[in-house]
Amino acid sequence: MNVSQKSIRIVGGILVIYALLVATHLGEFWPFSIYPMFSQAGNPWSRSLVREMPSDVADARKVSWTTTSLDSLAGDSYPLVPQGINQNDVANYVSKTESWTPDRIQGLRSIFAKNRSLPSPLLVYRVRGRLADDSVSVRATPVLLLTNEGSHLNPSLAPPSPASASSAR
Amino acid sequence: MSSFIKTLSQELFTVGKSGTRGDRIYFRVVELFLLAYAVWYCWTWGMYMQENITSVLLPLGIAQYIDVSFMFENYFGPANAILVGVLGLLGFSRLWRPGYLFALFAFHLQYVARYSLGEISHGSNLIGMGILGLGIALLAFRSETNRQRFTFGFLYFFIGLGYTSAAVCKLIGTGITWPDGHHLLMWIAERKIDTLSKFGAFEPSILQELVLADYRFGTLFLLIGLLTEAVSFGMWWRRYRYLVVMMVLGMHIGIYFTMNIFFHASTYFLLLLALPWNRMIDAALAAAEDVSIPLPSQPPSRGEPT
């Protein structure tokens, strides 16, 4: 068997392993992938923005939890790159969490405050965009207020307590 | 089918004159590039995990079978990065031929731990495929020339397949309307939020301004991108190889200007694969030798007019 024949056989073998692994792992088994990024075009998206709040906003009752436009966000910009924080990690937590359990809240908090304290209270927004005619409508909803004393979830996102869940049944 | 496979194997793995100094230098440069990027990825991921991650949100790859949360504490992440470097160096120096494959396993572990928060990043996939190709080449072939032939053929095959697969996914996921410029409007708005979140400010590029002014420019850009991805398997054939890799490289630059996403590792790696660097090195070495060899001085012969 010459080099070309041996090489193509090896590539064929790897291709079979590649296909089996991506077929059984939803298209991803690094470094193998079917590369589905941007394959679903036009769907509404959900990302995140973080705002730095004045220190007196540590009291969650002073926060407005209503959905707003980008021009009316509370606080000041809090860029993540200078803090060494990955934007996609925050956005994934915010967009993919359906039920804000204590573990989820702690996981998002740890991105900002694992083994360190916060410089000031931070308000994490969920930003949603959808196509409206020939433009994109963007709205932001506060999700979580992080302070050095604790984490405060938007009351409208709180999971139902066992008591209310049972009463709902 | 068998004649196609035979032709494909010749296109991917049979090269003309090989084993020149340019070939050897080029191969080692590519190898060093892959190793350096692997270690850099693993180190930055390791430090990030130590500082920012406490729990697994989305288990990927091997994390579906083992709990990788131990990687988030006690500096296991940075230690694993050092392990990748040591194993990679054993492969690079040819002291231990399985070195690259074991490095790839540790690299995989680092990836699934780092991206356990839900993001599926594709920025490092080509580097991982490169380490896999090198690992197999070292185990399957004894001669450096054959290792080089295999590695490059392997890379062109799987890179071409990957980009074409991306085009197929778009056509399956959305259909023939995928290049509609409105979709690019949506992605630009999404990237604006990401850029605001990362840097606190967003300034649209010229290409983005064009799309925001008229979505039909977006249709044009998306169509070019989709067609480029669709024909990427053309890099399997030597005749089209450099042209197709250059087109994919151009597509990445277009993605950067329209969507603010820079796949740096893939872009630099494609630049290494998009030109016949080995031939250019040979030519440069030959030119340098021509310059450095002094012409013998010839004394004037008798009878020659002075």
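Structure: above.
Residue positions are given per chain, counted from 1 along the sequence in the order it is written. The lettering of chains begins at A and the numbering of ligands begins at 1, in the order of writing. Side-chain atom pairs in this predicted model are given and counted only at pLDDT of 80 or more, local residue features only at pLDDT of at least 70, and totals for whole chains, interfaces and linings cover all residues. Each side-chain value is derived from all of the structure's non-hydrogen atoms; neither hydrogens nor water enter the calculation.

Engineer: Which parts of the structure should I look at to understand the overall build of chain A?
Structural biologist: Only runs of H or I of at least four residues qualify as helices and only runs of E of at least two qualify as strands under DSSP, and these elements are numbered from the N terminus. A count of helices and strands for chain A gives four helices and seven strands. Starting at the N terminus and walking to the C terminus, you meet the elements of chain A as α-β-β-β-β-α-α-β-β-β-α. For chain A, whose C-alpha radius of gyration is 22 Å, the value lies well above the compact-globule estimate of 15 Å for 169 residues. With respect to the principal axes defined by its C-alpha atoms, chain A has extents near 75 × 45 × 45 Å. Looking at chain A residue by residue over its 169 residues, the buried ones come to 46%. Any two residues whose heavy atoms approach within 4.5 Å at even a single point are treated as in contact. Counting contacts in chain A only where the partners sit at least 6 residues apart, residues at least 24 apart contribute 60% of the total. Computed by Shrake-Rupley with a 1.4 Å probe, the accessible areas treat only the displayed protein chains as cover when residues are assessed. As displayed, chain A offers around 8500 Å² of accessible surface, 53% of which is attributable to carbon and sulfur atoms. Across chain A, the 16 positively charged side chains and the 12 negatively charged ones have centroids separated by 9 Å. Here the radius of gyration uses the C-alpha set of atoms, whereas the globule reference equals 2.2 Å times the residue count to the power 0.38. Relative accessibility thresholds used throughout: buried, under 20% of the residue-type maximum; exposed, over 50%; partly exposed, between the two (1.4 Å probe, protein chains only). Under the counting rule used here, the positive set is Lys and Arg, the negative set is Asp and Glu, and His together with the chain ends is not counted. For this purpose, a charge sits on NZ of Lys, CZ of Arg, CG of Asp or CD of Glu.

Engineer: Is there a simple way to think about helix α7 (residues 181-199) of chain B in this case?
Structural biologist: Residues separated by three or four positions in an α-helix point in the same direction, a consequence of the helix having 3.6 residues per turn. All names here are of chain B. For α7, spanning 19 residues, the distance from its first C-alpha to its last is 26 Å, which sits close to the expected 27 Å at 1.5 Å a residue. In terms of residue burial, α7 counts as a mostly covered element, since 15 of its 19 residues are buried. We call two N or O atoms a polar contact when they sit within 3.5 Å, provided that within protein one can donate a hydrogen and the other can accept it, with sequence-adjacent residues counted only if both atoms are side-chain atoms. Near the N-terminus of α7, the side chain that reaches the backbone nitrogen of H182, with its oxygen 2.9 Å away, is that of D180. Of the residues one or two after α7, G200 is the one with positive phi, at around 85°. What a helix should span is 1.5 Å times the count of its residues minus one.

Engineer: Would you mind going over the packing of helix α1 (residues 2-13) of chain B against helix α6 (residues 144-173) of chain B with me for this structure?
Structural biologist: The description of two helices packed together rests on the angle between their axes and the distance between the axes. Residues and elements named next belong to chain B. Axis lines are fitted to C-alpha atoms, over the contacting stretch for helices. Their N-to-C directions set the angle, which ranges from 0 to 180 degrees. In the contact formed by α1 and α6, the axes pass within 8 Å of each other and the chain directions differ by 115°. Contacts between α1 and α6 involve L8, L12 and F13 from the first element and R149, F150, G153, F154, Y156 and F157 from the second. Under the convention adopted here, Pro, Cys and the residues Ala, Val, Leu, Ile, Met, Phe, Trp and Tyr are nonpolar, Asp, Glu, Lys and Arg are charged, and Gly plus all remaining residues are polar. Its residues assigned to classes, the contact of α1 with α6 shows seven nonpolar, one polar and one charged.

Engineer: For this particular structure, what's the right way to read unusual backbone geometry?
Structural biologist: A negative phi angle is the norm for most residues apart from glycine, just as the trans form is the norm for most peptide bonds. Following A:W30, the chain continues to A:P31 via a peptide bond in cis, the omega torsion being 0°. For A:P31, the position within the fold is in the loop between β1 (28-29) and β2 (32-33). Even without a glycine there, the phi angle at A:L26 is positive, about 55°. Assignment of secondary structure puts A:L26 in the loop between α1 (3-24) and β1. The exposed category is assigned to A:L26, whose relative accessible area is 84%. Although it is not a glycine, B:Y75 sits at a positive phi angle of roughly 60°. Considering the arrangement of structural elements, one finds B:Y75 in the loop between α2 (21-52) and α3 (76-92).

The analysis is restricted to geometry; functional conclusions fall outside its scope.
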